[in-house]
Amino acid sequence: MYVENVERLQDTFFGADDEMTPICPHLTPTHISWQPSVNAANHHTDRYANTELTVRRGQAFNITLYFNRPRQNGESLGFVTEIGPSPSESHRTRAVFNLSEAGGSGWSAAQGPSSDPAAVNFTISSPANAVIGRYNLSLRVTSGNKIYPRYLGQFVLLFNPWCPGDDVYMSNENERQEYVLNENGIIFVGNARYIEARGWYYGQFQDLLNICLTMLDLSLYYRQDPAMDVSRRGDPKYVGRVISSMINGNDNDNGVLLGKWQGSFHSHENPSRWDGSVIILKKWRQDNYRPVQYGQCWVFAGVMCTVLRCLGIPTRLVSNFNSAHDVDRNLSIDKYYDSSGRSLNISKDSTWDYHVWNESWFIRPDLGRSYNGWQVLDATPQEQSRGIFQCGPASVLAIKEGEVDLDYDTLFVYSEVNADCNRWIVYNDGTKKRIYCDTEIIGRSISTKAVGSNGRVDVTANYKYPEGSSEERRVYKKALAKILGTSVTEGRTDSPGGRSAETMRNPGIAGKFKLVEPPVFGKDINLVLVLNNLSSDRKRVRVDMSASTILYTRRAVAEILKAATSVELGPKQGKHVRVKIPYTHYGKYLTTDKRIQVTALCEVMRTHGLKLLVEKTIILEDTNIIIKLPRRVVVNKAVSLEISYANPLPEPVSRCVLLVTLMNQQVKINLARLAPRERSKIYFEFTPRRVGPLQLQVDFSCDKFSHVKGFVTIAVAPGASGWSATQEPSEPRCLNFTLLSPADAVIGRYKLQLQVLAGNKVSSKVLGQFVLLFNPWCPDDDVYMADEKERQEYVLNDSGIIFQGVEKDIEEEAWNYGQFEEDILDISLAILDRSLNHREDPAVDVSKRNSPVYVSRVISAMAYWFRLFQVNSNDEKGVVEGKWSGKFRSGTNPLRWSGSVAILRKWYRDRYRPVRYGQCWVFAGVTCTVLRCLGIPTRVITNFNSAHDKNLNLSIDKYIDVSGNNLHLSEDSVWGRRYSCKEYSTCSLHRGVFIHSIRIISCTVQIRYSAFYPPYRNFHVWNESWFIRRDLGSFYDGWQVLDATPQEKSKGIYQCGPASTRAIKEGDVNLDYDSPFVFAAVNADCVTWIRYSKKRKERVYSDTRKIGKCISTKAVGTNSRVDITANYKYPEGKFFITVVLPLMIRYHPWLHCTISSTCTRSLTMLSCNAGSLKERQVYRKALKLLGVRRPGKRSKIPRPRRRFSRAQPAQTPSISGKLLLDASPVIGQDIPFTLTLRNLISDFKTIKVKLKASAILYTRKPKAEILHLHRSIQLGSEEVKEISFKISYSQYKNSLMDDRKILVTAVCQIKRGASLLVEKDIVLQDPFLTIKVLGPAVVHKPVSVEVTFTNPLSDEVTDCVLRAEGSGLLKEQLRIHVERMAPMETSTVEFEIIPYRSGTRQLQVDLVCTHFSNIKGFVMLHVAPAQ
């Protein structure tokens, strides 16, 4: 956040010159401190994961501004806040207010005291009814009659339940803790007689705030009128109603969830699968705000509770058992049966076993004070309200009083808890008879979680008066009268159609179902139908029984039992009819709801059809998941849980999976098959990182059933510091102590004090300071590395190899890390203290330095400095400034660095001014030094053909027009260049159209794609550090990618990583940190598009194997190269291109390739093997997680419209050619080369050759023309001619760049024939250095070194410097001036080194001269210990 603000301040305040001098002397802020820790603690927002300042309305917050100079007389300050697309004061979305005075909007600001003369503290207060959302904050500097606006940055304003003036104010602190701050919840499900508790993780502080704010901006309300919508966001009832419409996706409004209540969920997620909101909301964002599939009522309610709590509105979940849906709004839920008792689906009314909605707490000024308090909001899409699937807010008190005409949707909710339930028999002639009316069954045991515990609280009394009471019937008639507009009498028996219907007389018998034993899933169900004769007459009763599996909505799934019997009942007699439902009948038809409905229609014979309907819903009990906890769980200490699970079935089950969820981190555990009725257990270990309640959820599934759930709430207690001291035996007057630090202690410089307790007095004595580092030798440390050889290499080795060059010609460059050299530890600790994190909040920053994840991320941000602004010595500056083009006169050419020590010391000596200049290998080398110095195992990685995917679609896109011209429409790039010293030729197959780099052999074509992509540097260097990832899970432990090269921002700062290499390989690009960036660097596809117009483009091919080749690092214990590409991705399939004859060239003249003389036919189509199956699966997974909608199909190359006639023949090449070097090109010597031309036909040819040579950068950007020649060549029938050329040293010596590259092109034109383009890249070789150590090397004993080198130039050289350095060999860089060297002279320089460390050491020698670039060499020598 700080860096983003800094950049915008720069754009507003400063000019574009290098010194960044202010453009005017006006009072200007140079940077801002948002005081995040203090503000977050005061506003109860310290648990939000977003980096922006997040505060609550109606409460003051503090900021600190640093100015370029003190404020003068006549200058006044004020502030402006703005929100939304069209901020205005009339809409209350813009406020202007000066210091010490309240504006008309309610915003105010005051200046506070400050101990720093360069800093000014301000207190800003927002009104309690302010619009919530993301604000822009600006400073207004008034000087005389002029006003100068200064943009400061953004902050987020939320509802404030702690502010008495806020509409959401809640006076009870325990309730605020529960309904605003608690991330764990309980959802009650089941039925009214069997209520179950299910865990749910709301996770409103888990990086969801931006998603919640985006949700408001995607609503239909915002689309219709953005300015008006934003202006109404200060009203919680409006925000709650908008959110209720956005949680479901039924209005084509990019809602979060789609609902589904029947059918198969195989292609998407079963609603029972979800255990929390975070994964749903993040998946919604990753899928580009397409609805997540699927949800049901409790899922809609859980997600809505998360969003509303995140925005600051107190919210809870409420479960209504026997919940009605009264479609025809007559307060009657009508259900119909035929004469045999079979249910008929002829009514749209329904009753669900339970339904879950939300209650939010706020006042209702639109209805009156009596309706303040809990308001019902329901996001489940059942009916439209004012044209949108939304429901509420409906006042709970209005529902209780039957005020069904009040806003919003009060009638709908009233019927859910108060409708009467009517049962009807429909006869064959269509007549209906009501069997009975139940006025008490709807709206039972309305439940919510208790405050501060997982207990259930029955809130039915909040919704209605006691069933059967006179008040309840009075309210019912009142509500019905409001609906019908007439008075209502008791006992109303109208049918749903409005016609009078006869009510069946009492049959004189009573009945009910009773379970013989608890119903358990996997066992037979035994129950009895109890029938009682209520009269003194004998009765014969015919009983038609049926049983069906049902959903929780009571919709039938499958009929599993149908039976009929007769029962004789004597006067006042009761009888039992036994019913058995075997597991074999219901097992395969049961849903995850595990519900069976049993119905008995009892007809009393010889009574003109008097009938009794008896129903029972059975919920089968799951075999419990048992979770056993230790007696005490302490923060930052590993906890082992026992989780037991079982197969309750009489048959074996396989494909068993246990999903363990904790704080939204999920671990999937594949289990062995279970025998019938078998119970098993596993042990699960984790380390809690936060004090307070944590909810652990377990979900067990197999091939026969799914989603058996269990959960436990874990109370995590604070632990001791982990430090301990013991006294050891010692001599008199001397005390020996052993101090032990915890394995997760903060690293850095400590002050050690001795405390002496004498009675009630404590005296302290400072003993000194010590430095504590990470410990790869400690098994409990997050950086623990088990292999000692690897520890020696990645922690203790102070020299290394960095691989550079090209994929097929990999070179090794020595690098001196020198992490143990003098001052390097102090400098490494200073880097941490200079970071933005430390400047923003020093206490919090230091407290996080126990985590290698945090420390490495800070170092990746500090290893470089990207020019932002330069005002005073307090500005943030990293270690190295990057530069990739132009001259390096104001600093050091990156090629000249050979180690980190000189860079770090220069940064330190220059008072933390960035060292100029570095490129990727320099950033990686310095980062490796610092991290090894701090104790984190680290290595340097080189990725060849490294991609930079700017738009994160895993596609490196290049655009060309129909003529083959490059179009600069994409910011993507590949850090790759053409192969050096490789010749290729181009044969024309169409006039003016060149085919580039194709070789045809048996109709198979191999293409060098360099012609299609920007020829950038073909390697990129980053770091890997070794540590565990507690934030991701143990699967992602191990090597983590860190990249200090400033390419893109990550969370507002130029930093990258740590990204788990396992996450990259598996395509888990949704995981922290910057996994998408690194995944694209090694896995992106290269895609070429042809662009016909602004609205039409077509993809013409895709290369899936170009990116991420030969990923390399130094081997353990040697200087050899190890290929670790398999750590980053699965094997890629064989790549091939098929040639199909004969139409492609005439339709696609832009395609550049080369065809050998053995094949002269035209081409039609290219096809590619897209890689191995697993590699492509991972690629598609990453695309899905990134929300890329169109993941790039490998389709046939399309034909452009009407550009070329279908009958137009493709011309065959008439000549071929190539450029060949006569000798290896060496700097300082002439470069002879030959152009070979071959006439492929029998006709005589006159060829005009235009030859050009240019000095170029490694980016292939031409810098200077060296040679330009014209020749005319005569070629007879099938004749071959060789034309010799030469580029003299005098021609290129003043033009050659540090990359030593020359591009030669020859355009061969034939009159009335095709043209030929031949190109060649030439890389000039440096002369060699020979290094000899003249004798054995021993610690503290001098040894001579002899370096031999040759001046390769034809000129005398007088300004050469030989530089030598090596950790453990030379404490400072050795510089030896070579006065003069004659042309081609070989010189020998001898110097002496005195090793001061034993072991294998690396001596690096570098010859620097302005006439040619750095000539480097190194030698490894073994230094023996001192004798």
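Conventions we followed
Residues numbered from 1 in each chain as written. Predicted model: local features only at pLDDT ≥ 70, side-chain atom pairs only at ≥ 80, totals over all residues. Heavy atoms only, no water. Helix = DSSP H or I, 4+ residues; strand = E, 2+ residues; numbered from the N terminus. Areas by Shrake-Rupley, 256 points an atom, 1.4 Å probe, with all protein chains shown as cover. Pairing = 2+ DSSP bridges. Axes fitted to C-alpha atoms, helices over the stretch in contact; angles between N-to-C directions. pLDDT = per-residue confidence, 0-100. Contact = heavy atoms within 4.5 Å. Buried < 20%, exposed > 50% of the residue type's maximum accessible area, 1.4 Å probe, protein only. Patch = residues over 30% accessible without salt bridge, like charges linked within 9 Å, V, L, I, M, F, W, Y side chains within 5 Å. Salt bridge = Lys/Arg side-chain N within 4 Å of Asp/Glu carboxyl O. Polar contact = N/O pair within 3.5 Å; in protein donor to acceptor, adjacent residues only side chain to side chain.

So, about the overall build of the protein. Scanning the protein from N- to C-terminus turns up 27 helices and 84 strands. Accessible surface computed for the protein: about 60200 Å², of which carbon and sulfur atoms make up 48%.

Within a sheet, adjacent strands bond to each other through the backbone by hydrogen bonds, running parallel or antiparallel. What the 3 strands build is an open sheet, ordered β70-β71-β74; its pairing is antiparallel. The sheet is open, and its two edges are formed by β70 (1215-1221) and β74 (1280-1287), each paired on a single side. Neighbour-to-neighbour, the strand axes of the sheet open up by a mean angle of 20°, direction not taken into account. Examined bridge by bridge, strand β71 (residues 1231-1239) and β74 share 8 bridges and lie antiparallel to one another. By the bridge assignment for β74, Thr-1234 is matched with Ser-1284.

Glancing now at the confidence of the model for the protein. Low-pLDDT portions of the prediction should not be read for the details of their coordinates. Looking at the protein as a whole, the pLDDT averages 83, with 85% of positions reaching at least 70. Every residue in residues 1-23 is under pLDDT 50, and counting partners more than four places away or in other chains gives 63 contacts. In the model, residues 1191-1211 has pLDDT below 50 throughout and makes 45 contacts with residues more than four positions away in sequence or in other chains.

All right, on to the pairing of strand β14 (residues 315-325) then. Consecutive residues of a regular strand have side chains that alternate between opposite faces of the sheet. Here β14 lies mainly inside the structure; 11 of its 11 residues are buried. Looking at chain direction, β14 and strand β24 (residues 444-449) are connected through 2 bridges and run antiparallel. Within β24, the residue paired with Phe-321 across the bridge is Arg-444.

Right, let's talk about a nonpolar patch on the surface for a bit. Residues Leu-735, Phe-737 and Leu-739 make up a contiguous nonpolar surface patch of roughly 310 Å² in combined accessible area. Inspection of the secondary structure assignment puts Leu-735 in the loop between β42 (724-728) and β43 (736-740).

To continue, consider the pattern of salt bridges. Inspection of every chain in the model, using the stated rule, returns 64 salt bridges. Arg-1380 serves as the salt-bridge partner of Glu-1356, at 3.0 Å between the closest nitrogen and oxygen. Of the two residues, Glu-1356 sits in the loop between β79 (1343-1350) and β80 (1360-1365) while Arg-1380 sits in the loop between β81 (1374-1378) and β82 (1386-1393), which places them 24 residues apart along the sequence. A relative accessible area of 40% means that Glu-1356 is categorised as partly exposed. Taking the relative accessible area as the measure of exposure, Arg-1380 reaches 52% and is therefore exposed. Counted as one network, the salt bridges with shared partners bring together Glu-403, Asp-405, Lys-478 and Lys-482.

Looking now at the sheet that holds β24. Read from one edge of the open sheet, 6 strands run β21-β18-β17-β14-β24-β25, paired in antiparallel fashion. Looking at strand neighbours, the two that pair on one side only are β21 (394-395) and β25 (456-458), the edges of this open sheet. Sheet topology places strand β18 (residues 373-377) next to β21; 2 bridges connect them, and they run antiparallel. Bridging across to β21, Val-376 finds its partner in Ala-394. Helix α9 (residues 297-311) contacts β14, β17 (350-362) and β18 of the sheet and is inclined by roughly 5° relative to β17.

Judged by how many residues are buried, strand β67 (residues 1109-1114) sits mostly within the fold: 6 of 6 residues are covered. Note that strand β51 (residues 938-944) and β67 share 2 bridges and pair antiparallel. Residue pairing for β67: Phe-944 is matched across the bridge by Lys-1109. For β67 and strand β68 (residues 1121-1123), the ladder comprises 3 bridges, and the chain directions are antiparallel.

Locating Asn-1023 in the fold gives a position in strand β60 (residues 1019-1027). There is a polar contact of 2.9 Å between the side chain of Asn-1023 and the backbone oxygen of Ala-924. Setting aside residues up to four positions removed in sequence, Asn-1023 forms contacts with Ala-924, Thr-927, Cys-928, Thr-938, Arg-939, Val-940, Ile-941, Gln-1040, Val-1041 and Leu-1042.

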